[in-house]
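# Chains, contacts and geometry: an overview
Chain by chain, the residues run as shown.
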Amino acid sequence: MPRLSLPVRLALLVAGTTLPLILFAAGIVLQNYRQDRQNATQRVLETVRSIRIVLDAEMQRMTGALQVLALTNALRDHDFESFRRIAQGFLEQYGEGGVILIADRDGRQVFSSLAPDTASLSPRNNLPIVKRVFEERKPVYSNLFFGAIKQRHIVTVEVPLIRDGEVLYDISFSPPIEIFQSMIEQQRPGKDWTISIFDGEGINFSRVPNPQGAIGQKASPSLHAAMSGSSEATFATVSLEGVPLITSVSRSTLTGWTVAAGIAESALVAPLWRSL
């Protein structure tokens, strides 16, 4: 058997001593990646819960203010002109785009913050939610629908006006949809994140990034199935832009809406390759 030259023997010696160290180091890097991924998964879930809590708090504040409006003397006396001034003070805190409507059991509008001539008002075009308010006698939160007055997609908060134990009217407020868009933009941790708010039927009405192409669209089948199957879940998805995400969802027991947030897989894989 021929003897190996000194350079070859040195090379084999170096390889024999360094290869186990390289494999050991790679194992440590992979273990760190798994831990980072686990931490990221927990962070996504905590983030989506936080956004859902902020959303619920805003909707509770909005609902409480509408319930206060329902107790005003102006509405008790059916003095809608006096109520218009009160309603305007409520609307000012939400900027332009908010609308208050008051309708009876049949959906006939008796007040609109946009039109002083009540005789010309058309009936509510979302009669099922008006019916729910009269039947359930409590606040109701709509799914996304096309508003006849705003001529755009809206969601509404509806509260009953109760007098002597009877529901007389349904007070409806459609907040500017930009409120929800601004909310998730402010809560977004970084550019690697995709965040959406879906209504009770899985229709998107707020999203970052690229809201223009998503609002009014139904969630993907895999995301919709996950949202329908559990009030909270974490799983892998692919965004509308084709980006693989680690996604969590959290459904509100108050509104029935669902917040979904995901961080790009690349945000976790890139540090792995740098370490390797």
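The structure contained in this document is the topic of the report that follows. (Residues numbered from 1 in each chain as written. Predicted model: local features only at pLDDT ≥ 70, side-chain atom pairs only at ≥ 80, totals over all residues. Heavy atoms only, no water.)

## Some details on the layout of surface pockets
Of the pockets and cavities examined, the largest pocket occupies roughly 270 Å³. At the level of elements, strand E8 (193-198), strand E9 (204-208), strand E10 (232-238), strand E11 (244-251) and strand E12 (258-264) are the ones that each hand at least two residues to the lining of the largest pocket. For the lining of the largest pocket, the element with the most residues is E8, which contributes 4 residues. Here the residues of the lining of the largest pocket sort into 10 nonpolar, 9 polar and 2 charged. (1 Å grid on protein atoms, 1.4 Å probe; cavity = no way out; pocket = protein on both sides within 12 Å on 5 of 7 lines; lining within 4 Å. Points joined across faces, edges and corners; volume = space filled by probe spheres on them. Helix = DSSP H or I, 4+ residues; strand = E, 2+ residues; numbered from the N terminus. Nonpolar A, V, L, I, M, F, W, Y, C, P; charged D, E, K, R; others polar.)

## Concerning the nonpolar core
Residues Ile100, Ile102, Ile171, Phe180 and Trp257 are the most contacted members of the largest nonpolar core, which totals 47 residues. Among the elements that take part in this core, helix H1 (residues 6-70) stands out by supplying 10 residues, more than any other. Residue contacts for phenylalanine 180: discarding those within four places in its chain leaves Leu55, Met59, Val155, Pro175, Ile197, Phe205, Ser206 and Trp257. Phe198, Met227, Phe235 and Ala260 belong to the second largest nonpolar core, which has 8 residues in total. (Core = buried A, V, L, I, M, F, W, Y, C linked by side-chain atoms within 4.5 Å. Buried < 20%, exposed > 50% of the residue type's maximum accessible area, 1.4 Å probe, protein only. Contact = heavy atoms within 4.5 Å.)

## Some points on unusual backbone geometry
The omega torsion of the bond from valine 208 to proline 209 falls at 0°, within 30 degrees of zero and hence cis. Within the secondary structure, proline 209 sits in the loop between E9 and helix H6 (221-229). Phi is positive for histidine 78, which is not a glycine, with a value near 60°. Looking at where histidine 78 falls in the secondary structure, it is placed in the loop between helix H2 (73-76) and helix H3 (80-92). We note that arginine 137 has phi near 60°; this positive angle belongs to a residue other than glycine.

## Some points on the packing of aromatic side chains
Within the structure shown, the criterion is met by 10 aromatic pairs. Between phenylalanine 80 and tyrosine 169 the ring centres are 6.1 Å apart and the planes differ by 70°, which places this aromatic pair in the edge-to-face class. Linking phenylalanine 80 in helix H3 with tyrosine 169 in strand E7 (residues 166-174), this pair joins segments that are 89 residues apart in sequence. For the pair shown, phenylalanine 80 and tyrosine 169 are each scored as buried. Centroid distance tyrosine 141 to tryptophan 257: 6.4 Å. Interplanar angle 80°. Geometry classified as edge-to-face. In this pair, tyrosine 141 is assigned in strand E3 (residues 140-141) and tryptophan 257 in the loop between E11 and E12, connecting sequence segments 116 residues apart. (Phe/Tyr/Trp six-rings, centres within 6.5 Å; stacked < 30°, edge-to-face > 60°.)

## A closer look at the pairing of E7
Within E7, 7 of the 9 residues are buried, which leaves it mostly tucked inside the rest of the structure. In the sheet, strand E1 (residues 99-103) pairs with E7 via 5 bridges, with the strands oriented antiparallel. When the bridges of E7 are listed, isoleucine 102 appears paired with isoleucine 171. With 7 bridges connecting them, strand E6 (residues 157-163) and E7 associate as antiparallel partners. When the sheet's bridge partners are listed, isoleucine 162 is paired in E7 with valine 167. What sits between E6 and E7 in their antiparallel hairpin is a turn of 2 residues, with aspartate 164 showing a positive phi close to 55°. (Pairing = 2+ DSSP bridges.)

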